[in-house]
Amino acid sequence: MTQILIVEDDRLLNQGIAYMLKKAGYDPISAFTSSEAWEKYMQHPSIGLIVLDINLPDGSGMGLCTQIRLGSEVPIVVLTANDTEQDIIQGFETGCDDYIAKPFSVEVLKQRIQAVLRRVKKEERGANRLLSGELVIDYDKMTLTKAGTAIRLTATEYKLLELLTRCQGQVLTREMIVEKLWDIDGNFVEANALSVNIRRLRQKIEDDPKHPVYIQTVFGIGYTWGSVP
């Protein structure tokens, strides 16, 4: 069930949108200010779309849109009474995916939301990347984000991450991993090099590195990438 964050200070309108989304099979989360929206956005990393009003009591929704866009491509549908051409252009330049002027039909809003979600899913299917739990790995850009926040990896850590994730569902022996990461280049490898890099990578991606869910140890054999929904 897709979570949708509704950022709208008009409580009746917010409740009306939430009611419509719930009937349509979505999981709505309501916020009435920019600061509350940011707090709920950070608390719910699985949010799949944001309905964002521009005129909020504690600032412009455009500022919130810019803040979110620094670390996330979550689709954003903007609601506003400002419907001039310049306003619309500014909205798209800031990073919104659709722009709906008030007043509007709640049914039309539902259709626009569904259209944006369909487009995003189609783009994700064609993208060379992996979504695993809160992690998004973009193999083309060689980047990793967790809950929308970029994670810096060393070259070796990234190669290890890519090897494990591309072989998801398989158990890779320590020897196989070492050969793929180091021996193939003819480099000398210390006995604990793999263990050190596994530990460092776990510290960066796991909520609890001592009880990993992504990089799982198969005792006596090697490692496997866990299936995290």
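Here, the structure is the one placed above.
Residues numbered from 1 in each chain as written. Predicted model: local features only at pLDDT ≥ 70, side-chain atom pairs only at ≥ 80, totals over all residues. Heavy atoms only, no water.

A.B. asks: It is not clear to me how the pairing of strand E8 (residues 129-132) should be interpreted in this structure. Could you clarify?
C.D. replies: Two faces make up the sheet, and in a regular strand the side chains alternate between them. Here E8 shows a clear split, with Leu 130 and Ser 132 buried on one side and none of Arg 129 and Leu 131 buried on the other. Looking at chain direction, E8 and strand E9 (residues 135-138) are connected through four bridges and run antiparallel. Residue pairing for E9: Leu 130 is matched across the bridge by Ile 137. In this antiparallel pair of consecutive strands, E8 and E9, the connection spans two residues, and Gly 133 shows a positive phi of 60°. (Buried < 20%, exposed > 50% of the residue type's maximum accessible area, 1.4 Å probe, protein only. Helix = DSSP H or I, 4+ residues; strand = E, 2+ residues; numbered from the N terminus. Pairing = 2+ DSSP bridges.)

A.B. asks: What exactly am I supposed to notice about the sheet that holds strand E7 (residues 98-101) here?
C.D. replies: Two strands in a sheet stick together by hydrogen bonds in their backbones, pointing the same way (parallel) or opposite ways (antiparallel). Taken in spatial order, the five strands of this open sheet run E2-E1-E3-E6-E7, and their pairing is parallel. Each of the sheet's edge strands pairs with one partner strand only, and the pair in question is strand E2 (27-31) and E7. Pairs of neighbouring strands in the sheet enclose a mean axial angle of 20°, with direction left out of account. Bridging between strand E3 (residues 47-53) and strand E6 (residues 76-80) involves four bridges; their strand directions are parallel. The residue of E6 that forms the bridge with Asp 53 is Leu 79. Relative to E3, helix H3 (residues 61-69) is tilted by about 155°, and along the sheet it contacts strand E1 (3-7), E3, E6 and E7. (Axes fitted to C-alpha atoms, helices over the stretch in contact; angles between N-to-C directions. Contact = heavy atoms within 4.5 Å.)

A.B. asks: When you look at helix H8 (residues 193-205) in this model, what are you seeing that I'm missing?
C.D. replies: Note: α-helices contain 3.6 residues per turn, so residues at a spacing of three or four share the same orientation. Helix length check: H8, at 13 residues, gives a terminal C-alpha distance of 19 Å against a target of 18 Å (1.5 Å per residue), a fit within 8%. If you follow the buried residues of H8, they end up packed against E9, strand E10 (143-146), helix H6 (155-166), helix H7 (174-181), strand E13 (215-218) and strand E14 (222-225). (Expected span 1.5 Å × (residues − 1).)

A.B. asks: How do you make sense of the pattern of salt bridges when you look at a structure like this?
C.D. replies: Close approach of charged atoms allows side chains of opposite charge to pair. Considering all chains together, one arrives at nine salt bridges under this definition. Lys 204 is the partner of Glu 157 in a salt bridge, and the nearest nitrogen-oxygen pair spans 2.7 Å. Of the two residues, Glu 157 is situated in helix H6 and Lys 204 in helix H8; the sequence distance between them amounts to 47 residues. Among the residues examined, Glu 157 registers a relative accessible area of 2% and is labelled buried. Among the ionic pairs, Glu 162 bridges to Arg 166, the shortest N-O distance being 2.8 Å. Residue Glu 162 and its partner Arg 166 are located together in helix H6, separated by four residues, close to a single helical turn. The class for Glu 162 is partly exposed, based on a relative accessible area of 23%. (Salt bridge = Lys/Arg side-chain N within 4 Å of Asp/Glu carboxyl O.)

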